Amino acid sequence: MSSAVTSKYLVTGGAGYVGGVVAAHLLEAGHEVTVLDDLSTGFKEGVPAGARFIEGRIQDAARWLDASYDGVLHFAAFSQVGESVAQPEKYWENNVGGTMALLAAMREAGVRRLVFSSTAATYGEPASVPITESAPTAPTSPYGFSKLAVDGMITGEARAHGLAAVSLRYFNVAGAYGACGERHDPESHLIPLVLQVALGRREAIHVYGDDYTTPDGTCVRDYIHVADLAEAHLLALDAMNPGEHLICNLGNGNGFSVREVVETVRAVTGHPVPEVVAARRPGDPAVLVASADVARGRLGWNPSRPDLADIVRDAWAFARQREQGRA
């Protein structure tokens, strides 16, 4: 975890899923936290108790960022792949333009530490797995390209202006932590979609392709618990060096197939989950699994919740809590 000395951090996008969990971890470690979020995709109730909340855009970060902050953790990005294909300009304006404004505000204020929420989507369809940080980057969507562009901007900022930065490239984040869980609208992630079937909100789960060259014919993905992910961000704050931009994959290094996820949801919830096999989706790789050796070596990070059932169990508790709130 991070050092015992209390620090002050700005968490952009801290009303969202991952940003909210990271903000909670920072508070639990004794740090002072300000959340900046425009609530376009986040939820005010997702801001953890004890954090100062500012409703605003990252493009205007200079209004609030000053030299009293020790660093920024940046999660304020749009992240829907399909939407990015239909509206690429939205992703360039927010993800890229917004980050440019944030970097300028940090430079002006003299805030020289940054942890950036990047993504495995920067790699596109990998030539081999597990995927290392040296793998070629070939995004297949404007979303992936926007994140890769920001990684490039951060590298330049570190070299030219001495920024200390870490980009964390997530694989499939899942699970829940406290009051923070997945609540995307529309929902596109597998585990919450399968849980919607268990809750009776969806008739069946669509399995897109069952003829891949995998053990059961369905796609394999690397799932990481959101709490493990959050812990990596705190470790990153202590591992960064001025003038260096470190890039780390975050994943368990183990893959679970779509059918394994469905079976685990059945076991955890005790509910039947009907499947409907559909055609493959264009661009879906058969296997996406991370090598997290850099995160282990440089950050000292070791995920403590690698079991898929634990991830599903926490997500299920959150989903039921939300369902009861709707009643």
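Preceding this paragraph is the structure being described.
As the structure is a prediction and not an experimental result, all values here were calculated from the model.

### With respect to the sheet that holds strand E1 (residues 8-12)
Part 1: The parallel open sheet is built from seven strands, whose spatial order is E3-E2-E1-E4-E5-E6-E11. Of all the strands in the sheet, the pair left with one neighbour each is strand E3 (52-55) and strand E11 (245-250). With direction set aside, neighbouring strand axes in the sheet form an average angle of 20 degrees.
Part 2: With six bridges joining them, strand E6 (residues 164-170) and E11 adopt parallel strand pairing. For Ala-165, the partnering residue across the bridge sits in E11 and is His-245.
Part 3: Here helix H4 (residues 142-161) sits on the sheet in contact with strand E5 (113-119), E6 and E11, set at roughly 155 degrees to E5.

### Quick look at the sheet that holds strand E14 (residues 287-288)
Part 1: If you walk across this open sheet you meet the three strands as E12-E9-E14, and the pairing is mixed. The outermost strands of the open sheet, each flanked by one partner alone, are strand E12 (256-257) and E14.
Part 2: Where strand E9 (residues 220-221) and E14 come together, two bridges link them in parallel fashion. Pairing of Arg-221 across the sheet is with Leu-288, part of E14.

### Quick look at the pattern of salt bridges
Part 1: Under the criterion given, the structure shown has 17 salt bridges.
Part 2: For Arg-107, the salt bridge identified is with Glu-157, shortest N-O distance 2.8 Å. Of this pair, Arg-107 sits in helix H3 (residues 88-109) while Glu-157 sits in helix H4; the two residues are 50 residues apart in sequence, bridging distant segments of the chain.
Part 3: The class for Arg-107 is partly exposed, based on a relative accessible area of 37%.
Part 4: Look at the salt bridges and you will find they share partners, linking Asp-210, Arg-259, Glu-263, Arg-266 and Glu-275 into a network.

### Description of the environment of Phe-75
Part 1: For Phe-75, the location among the structural elements is in the loop between strand E4 (71-74) and helix H2 (81-86).
Part 2: Separated by 235 residues in the primary sequence, Phe-75 and Asp-310 have C-alpha atoms spaced 25 Å apart.
Part 3: Discounting chain neighbours no more than four positions away, the residues touching Phe-75 are Val-11, Thr-12, Gly-13, Val-18, Gly-19, Val-22, Ser-117, Tyr-170 and His-233.

The rules we used
Residues numbered from 1 in each chain as written. Predicted model: local features only at pLDDT ≥ 70, side-chain atom pairs only at ≥ 80, totals over all residues. Heavy atoms only, no water. Pairing = 2+ DSSP bridges. Helix = DSSP H or I, 4+ residues; strand = E, 2+ residues; numbered from the N terminus. Axes fitted to C-alpha atoms, helices over the stretch in contact; angles between N-to-C directions. Contact = heavy atoms within 4.5 Å. Salt bridge = Lys/Arg side-chain N within 4 Å of Asp/Glu carboxyl O. Buried < 20%, exposed > 50% of the residue type's maximum accessible area, 1.4 Å probe, protein only.

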